[in-house]
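This is what each chain is made of:
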Amino acid sequence: MGDNSPLVSNASQAFAQEAPDHAKAWAEMVQAIAKASALEPRTRDLCYLAVLAALGLESGIPFLVKSAVTSGASRQEIISAILVGLLAAGDRVTQALPEAIATLGAE
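To start, this report covers the structure provided alongside it.

Now for helix α5 (residues 75-83). Considered for burial, the residues of α5 that qualify are Ile78, Ile79, Ala81 and Ile82. Projected onto a plane normal to the axis of α5, the buried residues spread over an arc of 160 degrees and lie on a single side. Next to the buried residues of α5 lie α3 (41-55), α4 (61-70) and α7 (97-105).

Next up, the structure:
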């Protein structure tokens, strides 16, 4: 991911532009769930990365990597979080590595 690439996916950008009321409601729900979590931000971000990788949702990886780094996660923790799902989800989780590594390289 180069310096000119957005951290927010094209789908998220279109959602915000074309359905701003829905996007606002979604963002408020996301913030409320984050606030309700007993996990501190670093751990929550690492868990979220693991889930995205397991589900094959690579478009959210750059945003979450940036958030995890801001929350204090190391490069190795981010990579390990992505790979934690290998046994349960298989090697599909490795598809998230290129985006994560590119985002880490842009730091």
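Time to look at the pattern of salt bridges. Per the counting criterion, the structure on display carries three salt bridges. Among the ionic pairs, lysine 24 bridges to glutamate 28, the shortest N-O distance being 3.8 Å. Residue lysine 24 and its partner glutamate 28 are located together in helix α2 (residues 20-36), separated by four residues, close to a single helical turn. By relative accessible area, which is 43% here, glutamate 28 ends up partly exposed.

Right, let's get into the packing of α5 against α7. The description of two helices packed together rests on the angle between their axes and the distance between the axes. Orientation of α5 relative to α7, taken along the N-to-C sense of each, is 165 degrees, at an axis distance of 10 Å. Judged by the angle between their axes, α5 and α7 are roughly antiparallel. Like other packed secondary-structure pairs, α5 and α7 cross with a definite hand, here right-handed. Each of Arg75, Ile78, Ile79, Ile82 and Leu83 in α5 lies in contact with α7, whose residues at this interface are Leu97, Ala100, Ile101 and Leu104. Along the lines of polarity and charge, the residues of the contact of α5 with α7 split into eight nonpolar, no polar and one charged.

What counts as what
Residues numbered from 1 in each chain as written. Predicted model: local features only at pLDDT ≥ 70, side-chain atom pairs only at ≥ 80, totals over all residues. Heavy atoms only, no water. Buried < 20%, exposed > 50% of the residue type's maximum accessible area, 1.4 Å probe, protein only. Helix = DSSP H or I, 4+ residues; strand = E, 2+ residues; numbered from the N terminus. Arc of directions from axis to C-beta. Contact = heavy atoms within 4.5 Å. Salt bridge = Lys/Arg side-chain N within 4 Å of Asp/Glu carboxyl O. Axes fitted to C-alpha atoms, helices over the stretch in contact; angles between N-to-C directions. Parallel < 35°, antiparallel > 145°, perpendicular 65-115°, else oblique. Left-handed = near helix turned anticlockwise from the far one by under 90°. Nonpolar A, V, L, I, M, F, W, Y, C, P; charged D, E, K, R; others polar.

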